[in-house]
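Summary of the model geometry
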Amino acid sequence: MKTKGTATVKTRITELLGIEAPVVQGAMARIADASLAGAVSEAGGLGIIACGGAPLAWVEEQVRIARSMTDKPIGANVMLMDPNAGETAELLAKLRVDVITTGAGSPANYLQMWKDAGIKVVPVVASSALAARMERLGADAVVAEGTEAGGHIGELTTMALIPAVCDAVSIPVIAAGGIADGRGMAAAFALGAEGVQVGTRFLTVEECTIADAYKERVIAAKDADTIVTGRGSGHPVRCLKNKFARTVRKLEGDVAANGDELEAMYVGSLKRAVEGDVDNGTMMAGQSAALVRERATAAEAIASLVAEAEELGGLGLEALAARNATRGEAR
């Protein structure tokens, strides 16, 4: 059944994943639970439960809750650097979730098991070489994520990464990183993508269970209000600027001397932010936070993305330029 308020857009991604709108919700650790994933899926997109670092019992419970919220496809994400990745991979195969996205490593050890369970496998990649490798392994599609994204990031920008990945593979490409409205979605399709993955925009929806203080910081963010920590350790993370992030960056000036102190600071930092300590926690968010200006429901966010992208997609270059020339008149 078509979700009220969300236009059905047919692409290889919607056909592959069995969804109505080519919008995938990003797998945000400690944030993307059943409440958010179930709402996104019910609204016509693909909701993703983030399993990284989570106990197996929690994962199973969240899948059960999400399935009680919707009869539409539900996805899960496996962070392959997680010590429990193998057990999580087996559990998700047993639960037969509809889609699995992966990050921080290669899913080669689990791909056939998931395929045998009828699960679509969509790795997240940060380069065209990795995308081509995933295609050779048998991935059904890839998420190409630019450095504008929140959380753990690569180096290439979305603008450069998407066309490079699209030129390198024949399987469908989902664009991610810096996409929070229909303009970003339309641009991603122009670059060769057939779907988008959105994280930061969903931080502020009603069904996202993070603290209101975190949501309000996202809404208040300007374009220069994110910072990347962890480059010295080889695990860069994009988050909103706050007291915690600035302190971490200062200590990272001498990682050799401050390594133990940094490790202690990282422990529980995301949990603190999720629970409302926006000064002493890691508020993971992408650069697109500057484009998020309101609270909404998941369904409203998806409908807005698709409607604006559809409007822009129907315009030629002259019409787009004419539309752009009048943007100041609305201020």
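The model shown is predicted, which means the values in this text are computed figures rather than measured ones. (Residues numbered from 1 in each chain as written. Predicted model: local features only at pLDDT ≥ 70, side-chain atom pairs only at ≥ 80, totals over all residues. Heavy atoms only, no water.)

1. Focus on the overall build of the protein
Just so we agree on the cut-off: Helix and strand assignments follow DSSP, with helices taken as H or I runs no shorter than four residues and strands as E runs no shorter than two, numbered in order from the N terminus. Between the two quantities, the radius of gyration covers C-alpha atoms and the globule rule is 2.2 Å times the number of residues to the power 0.38. The rule is simple: take the accessible area with a 1.4 Å probe, protein chains only, and divide by the maximum for that residue type; under 20% is buried, over 50% is exposed, in between is partly exposed. Contact between two residues is taken to exist if any of their heavy atoms lie within 4.5 Å; hydrogens are not considered. Per-residue and other accessible areas follow the Shrake-Rupley method at a 1.4 Å probe size, with only the shown protein chains counted as cover for residues. We treat Lys and Arg as the positive residues and Asp and Glu as the negative residues; His and chain ends play no part in the count. Charged side chains are reduced to one point each, which is NZ for Lys, CZ for Arg, CG for Asp and CD for Glu.
Check the secondary structure of the protein and you find 14 helices and eleven strands. The C-alpha atoms of the protein give 19 Å as radius of gyration, which agrees with the globular expectation for 331 residues (20 Å, within 12%). Its C-alpha atoms give the protein principal-axis dimensions of about 55 × 55 × 40 Å. Looking at the 331 residues of the protein, the share that counts as buried comes to 53%. In the protein, the share of contacts with a sequence separation of at least 24, taken over all contacts with a separation of at least 6, comes to 61%. Of the accessible surface of the protein, which amounts to about 14700 Å², a share of 51% is contributed by carbon and sulfur atoms. Both charge centroids of the protein, one from 33 positive and one from 41 negative side chains, sit 2 Å from each other.

2. Some remarks on the domain arrangement of the protein
This is how the line gets drawn: Each domain's limits were defined by an automated method or a database of domain assignments. Note on terms: buried area is the combined drop in 1.4 Å-probe accessible area of two parts once they are placed together, counting the loss on both. Each reported salt bridge corresponds to a side-chain nitrogen of Lys or Arg within 4 Å of a carboxyl oxygen of Asp or Glu.
Under the domain assignment, the protein is made up of domain 1 (17-209 + 292-305) and domain 2 (212-287). Centre-to-centre separation of domain 1 and domain 2, based on C-alpha positions: 23 Å. Taken residue by residue, the interface counts 22 residues in domain 1 and 19 residues in domain 2. Taken together, the two surfaces of domain 1 and domain 2 that pack against each other cover about 1800 Å², and 59% of this comes from carbon and sulfur. Inspection of the domain 1/domain 2 interface yields three salt bridges. Here Arg295 makes a salt bridge to Glu216, at a shortest N to O gap of 2.8 Å.

3. Looking at the nonpolar core
The condition that has to hold: Note on terminology: a nonpolar core comprises buried Ala, Val, Leu, Ile, Met, Phe, Trp, Tyr and Cys residues joined through side-chain atoms within 4.5 Å.
Residues Val23, Phe202 and Tyr214 are the most contacted members of the largest nonpolar core, which totals 56 residues. Here the element with the most residues in this core is helix α13 (residues 298-313); it accounts for seven residues. Summarising the domain contributions, this core has at least three residues from each of domain 1 (17-209 + 292-305) and domain 2 (212-287). If near-sequence neighbours (up to four positions away) are discounted, Tyr214 is found in contact with Ile31, Leu203, Ala273, Val274, Val278, Thr282, Met283 and Met284.

4. Focus: unusual backbone geometry
Excluding glycine, most residues fall at negative phi; most peptide bonds, likewise, are trans. Its identity as a non-glycine residue notwithstanding, Arg96 has a phi of 55°, on the positive side. Examined against the element boundaries, Arg96 turns out to sit in the loop between α4 (85-95) and β4 (99-103). Despite not being glycine, Ala104 shows a phi value in the positive range, around 60°. Among the structural elements, Ala104 can be located in the loop between β4 and α5 (111-116). Taking the relative accessible area as the measure of exposure, Ala104 reaches 42% and is therefore partly exposed.

5. Structural notes on the sheet that holds strand β10 (residues 226-229)
Here is the rule: At least two DSSP bridges between two strands are needed for those strands to be called paired.
In space, the three strands of this open sheet follow the order β7-β11-β10, with antiparallel pairing throughout. The outermost strands of the open sheet, each flanked by one partner alone, are β7 (151-152) and β10. For β7 and strand β11 (residues 237-240), the ladder comprises two bridges, and the chain directions are antiparallel. Counted as the bridge partner of His152 is Val237 from β11.

6. Focus: the packing of helix α2 (residues 34-42) against helix α3 (residues 56-69)
This is how it is decided: With axes taken as lines fitted to C-alpha atoms, and helix axes fitted only over the stretch in contact, angles between N-to-C directions fall between 0 and 180 degrees. In a left-handed crossing the near helix is turned counterclockwise from the far helix by less than a right angle, and in a right-handed crossing that turn is clockwise.
Packing of α2 against α3 leaves a shortest axis separation of 8 Å and a crossing angle of 35°. Where α2 crosses over α3, the two elements pack in a sense that is right-handed. Between α2, through Ala34, Ser35, Gly38, Ala39 and Glu42, and α3, the contact on the second element is made entirely by Gln62, Ile65, Ala66 and Met69.

7. Quick look at the pattern of salt bridges
Tallying each qualifying case throughout the model produces ten salt bridges. Glu311 is paired through a salt bridge with Arg323; the nearest N and O atoms lie 3.7 Å apart. Placement of the pair is Glu311 in helix α13 and Arg323 in helix α14 (residues 317-325), with a sequence separation of twelve residues. With a relative accessible area of 31%, Arg323 lands in the partly exposed category.

8. What about the sheet that holds strand β3 (residues 74-79)?
In spatial order, the strands read β1-β9-β8-β6-β5-β4-β3-β2; together these eight strands make up an open sheet with parallel pairing. Only two strands of the sheet have a single partner each, and these edge strands are β1 (23-25) and β2 (47-50). Adjacent strand axes in the sheet meet at a mean angle of 25°, parallel and antiparallel pairs treated alike. Those strands touched by α2 are β1, β2 and β3, and its axis lies near 165° from that of β2.

9. Observations regarding the environment of Ile13
Relative to the helices and strands, Ile13 is located in helix α1 (residues 12-17). Put simply, Ile13 and Gly286 are 273 residues apart on the chain and 23 Å apart in space, counted from C-alpha to C-alpha. With residues up to four places along the chain from it excluded, the contact list for Ile13 reads Ile19, Ala141, Pro172, Ile174, Glu194 and Gly195.

10. Considerations on helix α8 (residues 182-190)
In an α-helix, one full turn covers 3.6 residues, which means residues spaced three or four apart are oriented alike. Residues of α8 that are buried: Gly182, Gly184, Met185, Ala186 and Ala188. Looking at the buried side of α8, the elements it contacts are β1, α7 (158-168), β8 (173-176), β9 (195-198) and α13. Note on α8: the residue one or two positions beyond its end, Gly192, has a positive phi of about 120°.

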